[in-house]
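Structure at a glance
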Amino acid sequence: MEAVSKFVDALHHIYSGIEIKPSPNYEDEDFTFKITIPKNLSIDEVLETCHKECIKVEDEYDLFILPNVTYA
């Protein structure tokens, strides 16, 4: 799906060394991703970036993405 590709590509472009995998969806989310980051990145910073990218994709494609950011 184009929306998912845009989201994943944007995050990989901003942060090298992250891993993005689909995970089981929560309640009303269309897509849920587990985003694993290296210890040198801030979870809060990456999560904020994820939310910004989610909003861009959600507005364009009318769907909902939930990112779950954790350390490797």
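Described below are features of the structure shown in this document. (Residues numbered from 1 in each chain as written. Predicted model: local features only at pLDDT ≥ 70, side-chain atom pairs only at ≥ 80, totals over all residues. Heavy atoms only, no water.)

Counted at 1.5 Å a residue, the expected span for helix 2 (residues 43-61) with its 19 residues is 27 Å, and the 26 Å between its end C-alpha atoms agrees. For helix 2, the complete set of buried residues consists of V46, T49, C50, E53, C54, V57 and E58. Turning to helix 2, the residues buried within the fold contact helix 1 (2-14), strand 2 (31-37) and strand 3 (65-71). Capping of helix 2 at its N-terminal end is provided by S42; its side-chain oxygen lies 3.3 Å from the backbone amide nitrogen of D44. Remark: D62 follows helix 2 within two positions and exhibits a positive phi of approximately 55 degrees. (Helix = DSSP H or I, 4+ residues; strand = E, 2+ residues; numbered from the N terminus. Expected span 1.5 Å × (residues − 1). Buried < 20%, exposed > 50% of the residue type's maximum accessible area, 1.4 Å probe, protein only. Contact = heavy atoms within 4.5 Å. Polar contact = N/O pair within 3.5 Å; in protein donor to acceptor, adjacent residues only side chain to side chain.)

In this model, helix 1 (13 residues) spans 18 Å end to end at C-alpha, consistent with the 18 Å of a helix rising 1.5 Å per residue. Every buried residue of helix 1 is accounted for by A3, V4, F7, V8, A10 and L11. Taken end-on, helix 1 shows its buried residues confined to a sector of 160 degrees, consistent with a single buried face. Relative to its buried face, helix 1 has exposed residues pointing more than 90 degrees away, namely E2, D9 and H13. The inward-facing, buried residues of helix 1 abut strand 1 (19-23), strand 2, helix 2 and strand 3. (Arc of directions from axis to C-beta.)

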